[in-house]
Amino acid sequence: MTLMTERAVNDIVQERRLVTAIPGPASLAMHARKTAAVSAGVGVMLPVYVTRAGGGILVDADGNSLIDLGSGIAVTTVGNANPDVVAGVQAQVEAFTHTCFMVTPYAGYVEVCEALNRLTPGDHEKRSALFNSGAEAVENAVKVARLATGRAAVVVFEHGYHGRTNLTMGLTAKNMPYKQGFGPFAPEIYRVPTSYPFRDRGLSGPELAAMAITRIEKEIGAGNVAAILIEPLQGEGGFIAPAPGFLPALVDFARANGIVFISDEIQSGFCRTGQWFASEHEGIVPDLITTAKGIAGGMPLAGVTGRAELMDAVHAGGLGGTYGGNPVACAGALGAIRWMEDNDAPAIARDIQATVMPRLRALQAAHPAIGDVRGRGAMLAVELVVPGTMEPDAARTSAVSAHCHAAGVVTLTTGTYGNVLRFLPPLSIPQHLLEEAFDVVAEAFDATA
Ligand code: PLZ
């Protein structure tokens, strides 16, 4: 085991410790203020108010220590308040906080782009641009693809998730809660079938790609398509890795038809899946790749990286934004990337898979409600069904997750049908906490059986 606890834990005791009910009185008091002050549209999964975090632990306002299996939705991959991130951020915030890169630039932005160009798949000439959020990165990737091709149509997939802004809501598949009541959505977005191995009825990746391609050819016309946009391992859709051969067939089709292939690695990127980028599991080289979340250890930063001829097709001033590539966020990213390189972060994610996957398979053998066990690296999930059927069981999924929360383990659910329990531990989690967290998950399945 190569879990790098010493280097990423700051001084938070690495133990699960509950001193009140979850949530406790201090959290509940703050949550009452939240309800009075914050829009009801901003939901909260588990109202424990965090005061400190690091390694594999979140400490709350009541002094409870919870095990973190969420990483703030795949963001704190290098650990919360990772010392390398903190050091970079502190030095930068004392030097200067903002100039606007488009006005008077600074080195950190350039260095993050150099790192993105070096680390993303493919050894072709690349350029990058930086933004504030994943949704903004996706929007800008679509802008680049449309401008470079002179075409309008964007192809997206069933179960896809790409954000909450107007364009990205349209690109996202699931209605509730993301789209309901928020339309009209942007035009020229076309959704085609994907590969979802658990529900593919035995069809192969290439067969499913052929079906998607037929839809594109018949309903849109390949020559009208600017971009094919896909998550190589779907996150909000349910941690779905398409069947082998699906992604390469789509890349080949895109190449043959002058279509820009965009890999949305906002959730799956930056060592989460046991490779630097999930595209590498299928050996595909995207034309453009979107990144965010894990890139900066919790600082808000996102990127678009891709072929120089596409990224440089844009006129000066065509891409940007006041805060995009903020110097403090860039310093955080440089710290996070250094930690990932120094500690062989993909190997840590693979070690986590080696610990957790056998435990999930054993759980599946004991609980027929677990229809599928899947994922890669430190991006793992179980899909819950009514035993003996393929029918999604969202209620049991919520019950299992709620049991984990009450026991001090922060689990997340996901999926179009809300029936997937997903696990996204920080790579800084010590082995004993990882084991203990999955003891609790097992208890939760027993208690809700
Ligand atoms: N693309 C693949 O996973 C963000 C969303 C949580 P932003 N996923 C978590 C929620 O309920 O809002 C995501 C993603 C993929 C794009 C995005 C969007 O990234 O940084 O949330 O805008």
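Computed from a predicted structure; not experimentally measured.

Draft legend 1. Just the site of the ligand, in detail. Neighbouring the ligand are 15 residues; Gly134, Ala135, Arg164, Asp264 and Gln267 lie closest to it. Between Arg164 and the ligand, the recorded distance is 2.7 Å, taken from a side-chain N or O atom to an oxygen atom. Surface burial for the ligand is 82%, taken as the share of its 510 Å² of free accessible area covered by protein chains. A per-class count over the shell around the ligand returns five nonpolar, five polar and five charged.

Draft legend 2. Quick peek at the sheet that holds strand 13 (residues 409-410). An order of 1-2-3-13 is seen for the four strands of this open sheet, with the pairing classed as mixed. In this open sheet, the two strands that pair with only one neighbour each are strand 1 (50-54) and strand 13. When strand 3 (residues 65-68) meets strand 13, the two strands line up parallel, connected through two bridges. Paired with Asp68 across the bridge in strand 13 is Val410.

Draft legend 3. Representation of the side chain of Glu282. As for its position among the elements, Glu282 is in the loop between strand 8 (260-264) and strand 9 (288-291). Buried within the structure, Glu282 lacks any salt-bridge partner; Arg376 is the closest side chain of opposite charge, at an N-O distance of 4.8 Å. Setting aside anything within four residues of it in sequence, one finds Glu282 in contact with Pro244, Gly245, Phe246, Leu247 and Pro248.

Draft legend 4. Spatial organisation of the layout of surface pockets. Of the pockets and cavities examined, the second largest pocket occupies roughly 410 Å³. Around the second largest pocket, the lining is made up of 21 residues, and of these Phe101, Tyr109, Ser128, Ala129 and Leu319 lie nearest the centre. Elements represented by at least two residues in the lining of the second largest pocket include exactly helix 5 (107-119) and strand 4 (126-131). At five residues, strand 4 tops the list of elements feeding residues into the lining of the second largest pocket.

Draft legend 5. Layout of the pattern of salt bridges. Taken as a whole and assessed by the stated rule, the structure comprises 14 salt bridges. Of the charged contacts, one joins Glu236 and Arg422 as a salt bridge, the two residues approaching to 3.0 Å between their closest N and O atoms. Linking Glu236 in the loop between strand 7 (225-230) and helix 9 (246-256) with Arg422 in strand 15 (residues 420-423), this pair joins segments that are 186 residues apart in sequence. The pair formed by Glu236 and Arg422 is uniform in burial state, with each residue classed as buried. Across the pair Arg359 and Asp439 runs a salt bridge whose closest N-O atoms are separated by 2.5 Å. Residue Arg359 is located in helix 12 (residues 345-366), and its partner Asp439 is located in helix 14 (residues 431-447); the two are separated by 80 residues in the primary sequence. The class of Arg359 is partly exposed, set by a relative accessible area of 24%. If you follow the salt bridges from partner to partner, you end up with Arg199, Asp372, Arg374 and Glu383 in one network.

Draft legend 6. Examining the side chain of His405 more closely. As for its placement among the helices and strands, His405 is situated in helix 13 (residues 394-406). Judged by relative accessible area, His405 falls into the buried class, the value being 9%. Setting aside residues up to four positions removed in sequence, His405 forms contacts with Ile22, Met45, Leu46, Leu66, Val410 and Thr411.

Draft legend 7. Summary view of the pairing of strand 2 (residues 57-60). The alternating pattern of strand 2 places Ile57 and Val59 on one face and Leu58 and Asp60 on the opposite face, and all of these are buried. Pairing between strand 1 and strand 2: four bridges, direction antiparallel. Counterpart to Arg52 in the pairing with strand 2 is Val59. Two successive antiparallel strands, strand 1 and strand 2, enclose a turn made up of two residues, where Gly55 displays a positive phi of approximately 65°. In this structure, strand 2 lies alongside strand 3, joined through three bridges in antiparallel fashion. Bridging from a neighbouring strand, Ile57 pairs with Ile67 of strand 3.

Draft legend 8. Layout of the packing of helix 13 against helix 14. Close contact between helix 13 and helix 14 brings their axes to 9 Å; oriented N to C, the two are set at 130°. Considering the angle they form, helix 13 stands oblique to helix 14. Viewed along their axes, helix 13 and helix 14 form a crossing whose handedness is right-handed. Taken together, the residues of helix 14 that come into contact with helix 13 (itself represented by Arg396, Val400, His403 and Cys404) are Val440, Val441, Glu443, Ala444, Phe445 and Ala447. Among the residues making up the contact of helix 13 with helix 14, the classes are represented as seven nonpolar, one polar and two charged.

Draft legend 9. Examining the packing of aromatic side chains more closely. One pass over the structure, following the stated rule, counts eight aromatic pairs. With centroids separated by 6.1 Å and ring planes inclined at 75°, the aromatic side chains of Phe270 and Trp276 adopt a geometry described as edge-to-face. Summarising the burial analysis for this pair, Phe270 and Trp276 share the class buried. Summarising the aromatic geometry, the rings of Phe270 and Phe277 are spaced 5.2 Å apart at their centres and angled 70° between planes, so their arrangement reads as edge-to-face. Here the two residues Phe270 and Phe277 agree in accessibility, since each one is buried. Through a chain of ring-to-ring contacts, three or more aromatic side chains come together here, namely Phe96, Phe101, Tyr106 and Tyr109. The aromatic ring of Phe185 is capped on one face by Lys179, whose charged end is 5.3 Å from the ring centroid.

Rules behind the numbers
- Residues numbered from 1 in each chain as written.
- Predicted model: local features only at pLDDT ≥ 70, side-chain atom pairs only at ≥ 80, totals over all residues.
- Heavy atoms only, no water.
- Near = heavy atom within 4 Å.
- Polar contact = N/O pair within 3.5 Å; in protein donor to acceptor, adjacent residues only side chain to side chain.
- Areas by Shrake-Rupley, 256 points an atom, 1.4 Å probe, with all protein chains shown as cover.
- Nonpolar A, V, L, I, M, F, W, Y, C, P; charged D, E, K, R; others polar.
- Pairing = 2+ DSSP bridges.
- Helix = DSSP H or I, 4+ residues; strand = E, 2+ residues; numbered from the N terminus.
- Buried < 20%, exposed > 50% of the residue type's maximum accessible area, 1.4 Å probe, protein only.
- Lys, Arg positive; Asp, Glu negative; His and termini not counted.
- Salt bridge = Lys/Arg side-chain N within 4 Å of Asp/Glu carboxyl O.
- Contact = heavy atoms within 4.5 Å.
- 1 Å grid on protein atoms, 1.4 Å probe; cavity = no way out; pocket = protein on both sides within 12 Å on 5 of 7 lines; lining within 4 Å.
- Points joined across faces, edges and corners; volume = space filled by probe spheres on them.
- Axes fitted to C-alpha atoms, helices over the stretch in contact; angles between N-to-C directions.
- Parallel < 35°, antiparallel > 145°, perpendicular 65-115°, else oblique.
- Left-handed = near helix turned anticlockwise from the far one by under 90°.
- Phe/Tyr/Trp six-rings, centres within 6.5 Å; stacked < 30°, edge-to-face > 60°.
- Lys NZ or Arg CZ within 6 Å of the ring centre and 35° of its normal.

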